[in-house]
Amino acid sequence: MKLFFKKILLLIIPILSILGLCELITNRFLNKKSFYKIDSSKTILILGNSHTECALNNSLLDHVINLSQGAETYFYTYVKLKKIIETNPDIHTILLGYSNEVFIKSWMDKWIYSDEILGDKYPKYSHLISTKDKIFLFSKNPESYLIAFKVALETKASLLFKPDINVYKELHWGGYLYLIRDKIQQIRSGRNNLTISKDNSDTWPISELNILYLKKIVFYCKENNIKLILFRSPLHQLYNRNY
């Protein structure tokens with residue numbers, strides 16, 4: 001039995017070493033500052049989830065760039081913000097999406113480490129996420145984390161052959177999303193009862209994890225003399241008040 005485990009160990013160690021080396025090389029490559037440069041005329045950065053993604057058309061706003069993305073929690077926004085600020089000193093203001101939902105544990109925690117979110121967000125930001133946070137994600141959803149790790153490594157490796165890249169575009173970090181739809185009439189007609197539910201979010205468990213990363217964003221902005229504005233996107237009065 002000892003011999004069996006020894007052989008397994010001898011097989012696993014080289015594989016883990018190769019994966020670790022590939023991770024180190026691709027992460028170092030993708031952390032080049034030149035890969036994150038934004039037009040120096042852009043001094044205001046919009047970040048957040050689908051609310052700011054769909055509400056703020058940066059093409060109509062001078063000196064503004066919108067890198068919001070649907071279902072993005074502060075856990076992922078934090079690493080994105082840090083990298084963009086670090087490489088673009090002309091940015092002096094952050095407009096950060098903020099709504100009631102950012103406090104709701106059942107939603108926000110799912111938006112950090114659920115199968116779907118890990119598969120979507122982790123490959124975009126894996127090279128920026130700390131080892132501590134990677135271990136946390138693995139502990140919460142090991143199977144989906146390993147799948148996302150594989151996808152992330154393949155994605156990063158493919159960028160090694162592109163010497164002059166823009167990472168936030170290549171990895172689809174977000175932007176303004178124009179939607180051609182109107183749900184107000186649908187809500188009025190009562191065909192979507194879930195949307196107009198009146199659940200009291202004040203009684204729901206709080207996402208301490210998402211709030212922790214909001215605090216980290218606040219601290220980082222203060223430390224780097226960045227003006228932080230919490231922006232609540234306007235919503236129709238019939239819309240679910242928990243948003």
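Residues numbered from 1 in each chain as written. Predicted model: local features only at pLDDT ≥ 70, side-chain atom pairs only at ≥ 80, totals over all residues. Heavy atoms only, no water.

Q: Give me the lowdown on the nonpolar core, citing residues and values where you can.
A: Grouped together as the largest cluster of nonpolar side chains are 50 residues, with contacts concentrated most on Ile94, Tyr122, Leu137 and Trp173. Ranked by residue count, the leading element in this core is helix α3 (residues 74–87), at 8 residues. In this view, tyrosine 122 contacts Glu23, Tyr76, Ile117, Ile129, Lys134, Leu137, Tyr145, Ala148, Phe149 and Ala152; residues no more than four positions away in its chain are not counted. (Core = buried A, V, L, I, M, F, W, Y, C linked by side-chain atoms within 4.5 Å. Buried < 20%, exposed > 50% of the residue type's maximum accessible area, 1.4 Å probe, protein only. Helix = DSSP H or I, 4+ residues; strand = E, 2+ residues; numbered from the N terminus. Contact = heavy atoms within 4.5 Å.)

Q: Would you mind going over the packing of α3 against helix α11 (residues 208–223) in detail, with residue names and values included?
A: Two elements in contact, α3 and α11, have axes whose closest approach is 8 Å; the angle formed by their N-to-C orientations is 15 degrees. Between α3 and α11, the angle is such that the two are roughly parallel. In the packing of α3 onto α11, the handedness of the crossing is left-handed. For the pair α3 and α11, contact is made by Tyr74, Phe75, Thr77, Tyr78, Leu81, Lys82, Ile85 and Glu86 and by Asn210, Tyr213, Leu214, Lys216, Ile217, Tyr220 and Cys221, respectively. (Axes fitted to C-alpha atoms, helices over the stretch in contact; angles between N-to-C directions. Parallel < 35°, antiparallel > 145°, perpendicular 65-115°, else oblique. Left-handed = near helix turned anticlockwise from the far one by under 90°.)

Q: Go over the packing of aromatic side chains, please, and point to the residues and values.
A: Taken as a whole and assessed by the stated rule, the structure comprises 13 aromatic pairs. An angle of 65 degrees between the planes, with centres 5.0 Å apart, marks the rings of tyrosine 122 and tyrosine 145 as edge-to-face. Here tyrosine 145 lies in helix α8 (residues 142–159) and tyrosine 122 lies in helix α6 (residues 115–125), a separation of 23 residues in the sequence. Residue class for tyrosine 122 comes out buried when judged on its relative accessible area of 0%. Tyrosine 145 sits in the buried class, given a relative accessible area of 8%. By way of ring pairs, the aromatic residues Tyr36, Phe75, Tyr76, Tyr78, Tyr125, Trp173 and Tyr213 are connected into one cluster. (Phe/Tyr/Trp six-rings, centres within 6.5 Å; stacked < 30°, edge-to-face > 60°.)

Spatial relationships are all this shows, so hold off on functional conclusions.
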